[in-house]
Amino acid sequence: MALLIASSSRAEEFAAFARALDPHLDVRVAPDLGNVAQIEHALVWQPPKGLLKTLPNLRLIVSVGAGVDALLDDPDLPGVPMVRFVDADLTGRMREYVALHVLYHHRRMSEFRELQARKVWKYLAEPAAHEVRVGLMGLGVLGSAAARALQHFGYRLRGWTRSRKSLDGIACYAGDAELDAFLGETDILIALLPLTGATRGILNRRLFAKLSRHGRDARLPGPVLINAGRGGLQVDADVLASLEAGELYAASLDVFEAEPLPHSSPLWSHPRVLVTPHNAAESAPAPIVRYALKQMAAVRRGEPLRNVVDRAQGY
Ligand code: GLV
């Protein structure tokens, strides 16, 4: 029984952890597959399409990422159980990212940075947290943890999901019918949706135009977008157009339509855009390997798996 690790840049690091945690485990790193008939488990992040199909005895696919859109994109994906990465370490990182960027824009830091660059001492009005409405698209493990973190500051929280959720202290909206109402009451929009056929391109100019402008002088200068989900959710050019048109005041983007973000993208140098290289919440080697070994043990013992991907739903 062997574990195959196929992940862009850190496969060797993951393999070293796996060997340290279980010295008896036969760990292979793609593209050195060895005898493919011995591979029963795969730990993967954006593996080459068709790779998993070549493993005739595969029993489990563990996604290195919380999002599995790249895996589901493989037309030859074997029909074996597949689990998403869900872990306190990853969730904590996402919580930090969201809190950091909400606070940054709420406290108008882009403008203070611009003023500092020009050595200008200028007072800017800032709303209190309880006057700022933060809307989360997606209230899964990551979205709800981010919401809980923001609750400590007193933000007014709302969430939008495909199917209705109920969370304490969060106004919950669901489905297409309630999307406009949700947007109309949102000053800072956080995207933590899975990328599926239904969500691709959802963050577009039409949507940005529906974000709240209420109290624009007294509160934030305009709506803010924070996308820590997937680049495919957004239309990069629309983010720029909305920033130029004042439909967005600022944005924090961890993900992009094309990654790495091309040098030619004006997003790199926009004064109100924070660009991070898809590292809002990394899957750190020790937690992801421990998680994979736990799920593999469950397969061996015939126990139920946790966080199994629902292929029909796409996450
Ligand atoms: C990272 O993007 C993840 O899916 O965890």
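Treat the numbers as computed from the prediction; the structure is a model and nothing was measured.

**Describing the environment of Leu183**
- By the element assignment, Leu183 lies in helix α6 (residues 179-184).
- Leu183 has contacts with Leu189, Leu207, Lys210, Leu211 and Ser212, leaving out every residue within four places of it along the chain.

**Some thoughts on the site of the ligand**
- In the vicinity of the ligand, the residues found are Trp45, Gly65, Ala66, Gly67, Arg230 and His278.
- Backbone polar atom of Ala66 to an oxygen atom of the ligand: 2.6 Å apart, as the coordinates give it.
- Here the ligand has 190 Å² of accessible area as a free molecule, and 87% of this is covered by the chains.
- Broken down by class, the residue content of the shell around the ligand amounts to 2 nonpolar, 3 polar and 1 charged.

**Overview of the environment of Arg200**
- Locating Arg200 in the fold gives a position in the loop between β9 (188-191) and α7 (205-208).
- Judged by relative accessible area, which is 55%, Arg200 ranks as exposed.
- With residues up to four places along the chain from it excluded, the contact list for Arg200 reads Leu195, Gly232 and Leu233.

**Remarks on the sheet that holds strand β11 (residues 250-253)**
- Taking strand neighbours across the sheet as the criterion, the 7 strands line up as β8-β7-β6-β9-β10-β11-β12 in an open arrangement whose pairing is parallel. A strand with exactly one partner marks an edge of an open sheet, and here the two such strands are β8 (171-174) and β12 (273-275). Here the average twist between neighbouring strands, direction ignored, is 15°.
- Two elements, strand β6 (residues 133-137) and strand β7 (residues 156-161), share 5 bridges in a ladder whose sense is parallel. Looking at the pairing, Val134 lines up with Leu157 of β7.
- Its contacts with the sheet put helix α8 (residues 236-245) on β10 (224-227), β11 and β12, and the angle it makes with β11 is roughly 155°.

**Focus: the pattern of salt bridges**
- On inspection of all chains with the given rule, the structure shows 17 salt bridges.
- A salt bridge links Arg107 to Glu126, with the shortest nitrogen-to-oxygen separation between them at 2.3 Å. With a gap of 19 residues between them, Arg107 in the loop between α3 (88-106) and α4 (109-117) and Glu126 in the loop between α4 and β6 connect regions that are remote in the sequence.
- On the basis of relative accessibility, which here comes to 42%, the residue Arg107 falls in the partly exposed class.
- Between Glu178 and Arg164 there is a salt bridge, and its shortest N-O distance comes to 2.6 Å. Highlighted residues: Glu178 in the loop between β8 and α6 and Arg164 in the loop between β7 and β8, separated in sequence by 14 residues.
- Classification of Glu178 as partly exposed rests on a relative accessible area of 24%.
- Residues participating in the shared-partner salt-bridge network are Arg10, Asp89, Arg93 and Glu282.

**Regarding the domain arrangement of the protein chain**
- Domain boundaries in the protein chain define domain 1 (2-87 + 283-301) and domain 2 (90-275).
- The C-alpha centroid of domain 2 is placed 33 Å from the C-alpha centroid of domain 1.
- On the domain 2 side, the residues contacting the 9 residues of domain 1 number 7 residues.
- Both faces combined, the contact of domain 1 with domain 2 buries some 650 Å², and carbon together with sulfur accounts for 53% of it.
- Summed over the shared surface of domain 1 and domain 2, the number is 1 salt bridge.

**Some remarks on the environment of Asn227**
- Of note, Asn227 is situated in strand β10.
- Through-space distance from the C-alpha of Asn227 to that of Arg118 is 29 Å; in sequence the pair is 109 residues apart.
- Discounting residues that sit within four places of it in the chain, Asn227 has contacts with Ala191, Leu203, Leu233, Gln234, Ser252, Leu253, Asp254 and Val255.
- Only 3.1 Å separates the side chain of Asn227 from the backbone oxygen of Arg230, close enough to count as a polar contact.

**Some words on the nonpolar core**
- Counting residues in hydrophobic clusters, the biggest one holds 52 residues, and the most contacted among them are Leu43, Val102, Val134, Leu150 and Ile190.
- The biggest single contributor to this core is helix α9 (residues 285-301), with 7 residues.
- Apart from the residues within four sequence positions on either side, Leu43 is in contact with Leu3, Leu4, Ile5, Ala6, Phe14, Val62, Val64, Ile288 and Ala292.

Rules of the game
- Residues numbered from 1 in each chain as written.
- Predicted model: local features only at pLDDT ≥ 70, side-chain atom pairs only at ≥ 80, totals over all residues.
- Heavy atoms only, no water.
- Helix = DSSP H or I, 4+ residues; strand = E, 2+ residues; numbered from the N terminus.
- Contact = heavy atoms within 4.5 Å.
- Near = heavy atom within 4 Å.
- Polar contact = N/O pair within 3.5 Å; in protein donor to acceptor, adjacent residues only side chain to side chain.
- Areas by Shrake-Rupley, 256 points an atom, 1.4 Å probe, with all protein chains shown as cover.
- Nonpolar A, V, L, I, M, F, W, Y, C, P; charged D, E, K, R; others polar.
- Buried < 20%, exposed > 50% of the residue type's maximum accessible area, 1.4 Å probe, protein only.
- Pairing = 2+ DSSP bridges.
- Axes fitted to C-alpha atoms, helices over the stretch in contact; angles between N-to-C directions.
- Salt bridge = Lys/Arg side-chain N within 4 Å of Asp/Glu carboxyl O.
- Domains from an automatic or database assignment.
- Buried area = accessible area lost by both parts, 1.4 Å probe.
- Core = buried A, V, L, I, M, F, W, Y, C linked by side-chain atoms within 4.5 Å.

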